[in-house]
Amino acid sequence: TNIFNFLAMSRPDNVKKELHDILSQALMFFQRGCAETSDLMAIINLANALDILSKGVLVKDQADDNKSKGRVRGIVIMIQGLIGYKQDRTITRDGRTVYEIIDEIYSDARSRTVHGTSERYHLDWQELREIATYITHRCLNQAIGRAGKLERATCMKHLFYEQQD
């Protein structure tokens, strides 16, 4: 909460405004996700934070015109850049990969619920909430840490493409 208050109350110079705004908004959704009593609504807020951190990158695949899948690929690229998890890395005991988890978070939980097309909204989302919280926390932690260390960083891409010392 202290970091969020600092970001929300500070006025960055014009050079870092985009980065400041993205981190502030991502933190706002992360905080809402952590405070939410409903696991599904928490995941929606956490997915929004991940989407903001990836700056809504839409990575199109010529064989797939699905915007949701394109956003999933953008988030996966951001995760790899910030915390080093490649899309095919297994991150659950049952063998699901980063890509599969982010697809479930963004497409199944967030998009289908927000658009009223979910047939799974009544299920137990606790495990996915825990995973989404962990991933979002790690990404935010890295992004904020790098933003503080990298003087030349003015946008999110600088944080996940620039080499660390």
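Residues numbered from 1 in each chain as written. Predicted model: local features only at pLDDT ≥ 70, side-chain atom pairs only at ≥ 80, totals over all residues. Heavy atoms only, no water.

Visitor: Any chance you could explain the overall build of the protein here in plain terms?
Guide: Broken down by element type, the protein carries seven helices and zero strands. In the protein, the proportion of contacts linking residues at least 24 apart, taken out of those at least 6 apart, comes to 60%. Carbon together with sulfur atoms contributes 49% to the accessible area of the protein, which is approximately 9600 Å² in total. (Helix = DSSP H or I, 4+ residues; strand = E, 2+ residues; numbered from the N terminus. Contact = heavy atoms within 4.5 Å. Areas by Shrake-Rupley, 256 points an atom, 1.4 Å probe, with all protein chains shown as cover.)

Visitor: Sorry if this is basic, but what is going on with the pattern of salt bridges here?
Guide: Oppositely charged side chains can pair when the atoms bearing their charge come close. If you walk through the whole model with that rule in mind, you get nine salt bridges. The salt bridge partner of Asp 21 is Lys 17, with a shortest N-O separation of 2.7 Å. Taken together, the residues span about one helical turn, with Asp 21 and Lys 17 both in helix α2 (residues 17-35) at a distance of four residues. Here the salt bridges do not stand alone but share partners, grouping Asp 94, Arg 96, Glu 104, Asp 108, Arg 112, Arg 120 and Glu 127 into one network. (Salt bridge = Lys/Arg side-chain N within 4 Å of Asp/Glu carboxyl O.)

Visitor: Sorry if this is basic, but what is going on with the nonpolar core here?
Guide: Where a protein is soluble and globular, its nonpolar side chains tend to be buried together. One finds Leu 53, Ile 79, Ile 102 and Met 156 to be the most contacted residues of the largest nonpolar core, which totals 44 residues. For this core, the elements supplying multiple residues, two or more each, are α2, α3 (39-53), α4 (67-83), α5 (98-114), α6 (126-149) and α7 (156-161). Examining the composition of this core, we find that nine residues originate from one element, α3, more than from any other. (Core = buried A, V, L, I, M, F, W, Y, C linked by side-chain atoms within 4.5 Å. Buried < 20%, exposed > 50% of the residue type's maximum accessible area, 1.4 Å probe, protein only.)

Visitor: Teacher, can you tell me more about the side chain of Ser 24 here?
Guide: Structurally, Ser 24 is set in helix α2. Judged by relative accessible area, which is 11%, Ser 24 ranks as buried. At 2.9 Å, the side chain of Ser 24 and the backbone oxygen of His 20 are in polar contact. (Polar contact = N/O pair within 3.5 Å; in protein donor to acceptor, adjacent residues only side chain to side chain.)

Visitor: Before we go on, may I ask you to explain the packing of aromatic side chains in this structure?
Guide: Any pair of aromatic rings gets described here by the distance separating the centres and the angle formed by the planes. One pass over the structure, following the stated rule, counts zero aromatic pairs. Of note, Arg 32 hangs over the ring of Phe 29, and the distance from its end group to the ring centre comes to 5.9 Å. (Phe/Tyr/Trp six-rings, centres within 6.5 Å; stacked < 30°, edge-to-face > 60°. Lys NZ or Arg CZ within 6 Å of the ring centre and 35° of its normal.)

Visitor: Teacher, can you tell me more about the environment of Leu 140 here?
Guide: For Leu 140, the position within the fold is in helix α6. Between the alpha carbons of Leu 140 and Leu 27 there is a distance of 7.5 Å; along the sequence they are 113 residues apart.

Visitor: Could you clarify how one ought to interpret the packing of α5 against α6 in this entry?
Guide: It is at 11 Å that the axes of α5 and α6 come closest, and there the two elements cross at 105°. In terms of orientation, α5 and α6 fall into the roughly perpendicular class. Mapping the contact onto sequence places Ile 101, Ile 102, Glu 104 and Ile 105 in α5 and Leu 128, Ile 131, Ala 132 and Ile 135 in α6. Residues of the contact of α5 with α6, tallied by class, amount to seven nonpolar, no polar and one charged. (Axes fitted to C-alpha atoms, helices over the stretch in contact; angles between N-to-C directions. Parallel < 35°, antiparallel > 145°, perpendicular 65-115°, else oblique. Nonpolar A, V, L, I, M, F, W, Y, C, P; charged D, E, K, R; others polar.)

Visitor: Looking at this model, I keep getting lost on the confidence of the model for the protein. Mind explaining?
Guide: Residue-level pLDDT values for the protein average 83, and 79% of them are 70 or greater. Mean pLDDT across the secondary structure elements of the protein bottoms out at helix α1 (residues 2-9), with 53, and peaks at α3, with 96. (pLDDT = per-residue confidence, 0-100.)

Visitor: Whenever I open this one, α2 confuses me. Can you help?
Guide: Because each turn of an α-helix spans 3.6 residues, side chains separated by three or four positions end up pointing in the same direction. With 19 residues, α2 ought to run about 27 Å at 1.5 Å a step, and its terminal C-alpha atoms sit 27 Å apart, in line with that. For α2, the set of buried residues is Leu 19, His 20, Ile 22, Leu 23, Ser 24, Ala 26, Leu 27, Phe 29, Phe 30 and Gly 33. (Expected span 1.5 Å × (residues − 1).)

Visitor: Any chance you could explain the packing of α3 against α5 here in plain terms?
Guide: Packed helices, taken two at a time, are described by their axes: the angle between them and the distance between them. Close contact between α3 and α5 brings their axes to 9 Å; oriented N to C, the two are set at 115°. As the angle between them shows, α3 and α5 are arranged roughly perpendicular. For the element pair α3 and α5, the recorded crossing hand is left-handed. Where α3 approaches α5, its residues Leu 40, Ile 43, Ile 44, Ala 47, Asn 48, Leu 50 and Asp 51 are matched on the opposing element by Ile 102, Ile 105, Tyr 106, Ala 109, Arg 110, Thr 113 and Val 114. Tallied by class, the residues present in the contact of α3 with α5 amount to 10 nonpolar, two polar and two charged. (Left-handed = near helix turned anticlockwise from the far one by under 90°.)

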